[in-house]
Amino acid sequence: MSGGAPDRPDFDVAIVGGGPVGAVLGALLKRGQGGARRRVLLIERQLPATAPAAAPDDLRVVALSRASERVLGAAGAWAALRAVPGALGRYERMHVWPADGEPRGPGSLRFDAAEIGEPDLGHIVGNARVQRAALDAFIEAGGVAEAATLSALEFDAGSVSLLADGRRRRASLVVGADGGRSLVRRAAGLELETQDYQQAGVVANLHSERPHEHTAWQRFLGEGTLALLPLADGTSSLVWSAPRARAEALLAASPEDFEAEVTAASGGVLGALRLASGRAAFPLRRVRAPHYARERCVLVGDAAHIVHPLAGQGLNLGLMDAAALAEVLEDASAEGEDPGALRVLRRYERWRKGENETMGRAFDLLNRFLAFGTDPVGQLATRGMGLVGRSAPLRGFFAGRALGLGGELPRAARRAGA
Ligand SMILES: Cc1cc2nc3c(=O)[nH]c(=O)nc-3n(C[C@H](O)[C@H](O)[C@H](O)COP(=O)(O)OP(=O)(O)OC[C@H]3O[C@@H](n4cnc5c(N)ncnc54)[C@H](O)[C@@H]3O)c2cc1C
């Protein structure tokens with residue numbers, strides 16, 4: 001990518017953070033056009049040592065859209081995920097209902113993959129599995145992955161230096177894929193806007209009395225939302241977004257009391273629920289960086305934006321960032337452009353920021369008016385849900401959105417069967 005000058009940086013691209021987004025970006029950069037020549041470094045402070053093929057308590061579970069499935073295919077990670085027995089749970093339907101309605105009553109909403117001629121709406125998988133599969137694909141394609149913690153960045157005209165564990169590495173471009181507390185973002189002087197929801201997401205895996213029917217169940221509670229995502233082993237992954245004090249009480253409750261609470265809050269849709277794992281909670285906030293790029297530095301994934309998890313889209317948005325940035329860098333490299341030049345990085349920023357902000361605002365409104373919707377606007381929104389439920393074309397529209405195939409997609413997300 002860069003020329004053969006004597007002070008050529010050690011790497012074309014240095015990615016900080018080997019979470020799923022950073023690892024997928026690395027794999028796409030190495031496997032894409034010109035990837036064999038592209039020198040890509042990835043540093044991760046907690047590099048997982050082995051493939052967590054049987055990770056029992058991967059409580060951070062994500063719903064991957066069709067678009068994400070394709071990006072993971074292009075990155076060389078999807079085949080590995082498919083090869084691990086029980087790693088991927090598919091969901092064929094989504095079923096949503098309000099606090100004051102019956103799970104299958106008239107106010108409920110059901111999206112079915114069959115209605116739009118698809119085999120499923122997406123897959124449910126542990127975050128750590130996606131990370132490991134993408135890291136393996138990156139390393140297999142010749143990427144350099146190192147266990148190290150970034151401590152500082154130094155920018156100069158032609159390169160950026162990364163200081164990590166006493167070593168200095170120079171690159172033409174540094175990518176911040178280092179999550180919500182991104183040091184890259186701070187060291188690059190990129191601003192951040194944060195909104196604390198004063199909520200936490202309580203997660204656990206649950207056995208259910210009745211089968212989950214490969215359906216993602218979601219109830220708007222009037223005081224948060226409760227989602228049950230179908231896992232391949234027949235259990236369901238719980239994501240319960242609740243006010244912080246309530247979430248703390250749920251974590252502190254005895255297993256029996258917790259099971260009774262979650263069964264009641266789910267409206268008994270799957271019968272009695274029992275814990276199949278430990279419990280954990282994640283604080284929920286909305287984060288947005290007003291700028292994703294400066295000369296020689298760019299942000300992807302949670303480092304650039306964090307959205308409310310009620311629609312399960314955070315990683316899907318991050319994977320689209322990774323695919324869009326890989327495409328912009330690949331095209332720039334084909335034109336002989338400097339990958340760290342701001343004019344190149346702005347193309348990526350213009351592409352992704354609008355989409356990420358639109359989605360962040362939409363989930364914010366859903367949280368405000370449906371999840372906590374007891375006021376008149378909330379009641380109106382709930383009635384709107386019932387209307388959508390009665391209209392086949394509207395249901396088809398929303399099911400299509402769940403596949404993530406709307407908007408301006410990167411090439412990697414447009415190609416089926418990678
Ligand atoms: C309760 C909950 C449920 C969710 N459900 C869904 C869902 O259903 N679907 C979905 O799409 N998304 C979901 N999300 C969001 C999703 O988990 C995140 O968007 C995704 O994990 C972000 O990936 P990332 O790679 O950008 O960041 P991270 O996964 O945070 O990775 C960042 C990496 O950077 C490393 N790092 C940080 N600092 C340094 C440093 N200084 N030096 C070296 N390495 C560093 C960290 O160790 C980490 O591995 C959910 C989130 C929550 C909280």
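Further up the page is the structure itself.
Quantities reported herein were computed from a predicted structural model and do not represent experimental measurements.

**Some thoughts on the overall build of the protein**
Step number 1: Of the regular secondary structure elements, the protein holds 12 helices and 19 strands.
Step number 2: Taking contacts inside the protein between residues at least 6 apart in sequence as the whole, the part at least 24 apart equals 75%.

**Looking at the site of the ligand**
Step number 1: Around the ligand, a shell composed of 34 residues is seen, among which Gly19, Gly179, Gly301, Gly312 and Gly314 lie nearest.
Step number 2: Every element with two or more residues in the shell around the ligand is listed here: α1 (20-31), β2 (40-44), β3 (61-64), β12 (193-208) and α8 (314-334).
Step number 3: Of the residues forming the shell around the ligand, the biggest block, four residues, is contributed by α8.

**Observations concerning the nonpolar core**
Step number 1: In terms of nonpolar packing, the biggest core is built from 127 residues, with Val24 and Leu25 touching the most fellow members.
Step number 2: Counting residues per element, this core draws most heavily on α8, which supplies 12 residues.
Step number 3: When neighbours within four sequence positions are excluded, valine 24 is seen to be in contact with Val71, Leu72, Ala75, Ala77, Ala134, Leu319 and Ala322.

**Let's talk about the sheet that holds strand β7 (residues 122-126)**
Step number 1: The strand order β3-β7-β4 describes an open sheet built from three strands, whose pairing is antiparallel. A single partner strand is all that each edge strand has here, and the edge strands are β3 and β4 (89-91). For this sheet, the mean inter-axis angle between neighbouring strands, taken without regard to orientation, is 30°.
Step number 2: In this structure, β3 lies alongside β7, joined through four bridges in antiparallel fashion. Residue pairing across strands places alanine 63 opposite isoleucine 124, the latter belonging to β7.

**Here's the deal with unusual backbone geometry**
For residues that are not glycine, phi is negative in most cases, and the peptide bond is trans in most cases.
Step number 1: One non-glycine residue, histidine 214, lies in the positive phi region at around 50°.
Step number 2: Secondary-structure assignment places histidine 214 in the loop between β12 and β13 (215-220).
Step number 3: Non-glycine residue arginine 296 carries a positive phi angle of around 75°.
Step number 4: By the element assignment, arginine 296 lies in the loop between β17 (293-294) and β18 (297-299).

Definitions and cut-offs
- Residues numbered from 1 in each chain as written.
- Predicted model: local features only at pLDDT ≥ 70, side-chain atom pairs only at ≥ 80, totals over all residues.
- Helix = DSSP H or I, 4+ residues; strand = E, 2+ residues; numbered from the N terminus.
- Contact = placed C-beta atoms within 7 Å.
- Near = placed C-beta within 6 Å.
- Core = buried A, V, L, I, M, F, W, Y, C linked by C-beta atoms within 7 Å.
- Buried ≥ 20, exposed ≤ 12 C-beta atoms within 10 Å, placed from the backbone.
- Pairing = 2+ DSSP bridges.
- Axes fitted to C-alpha atoms, helices over the stretch in contact; angles between N-to-C directions.

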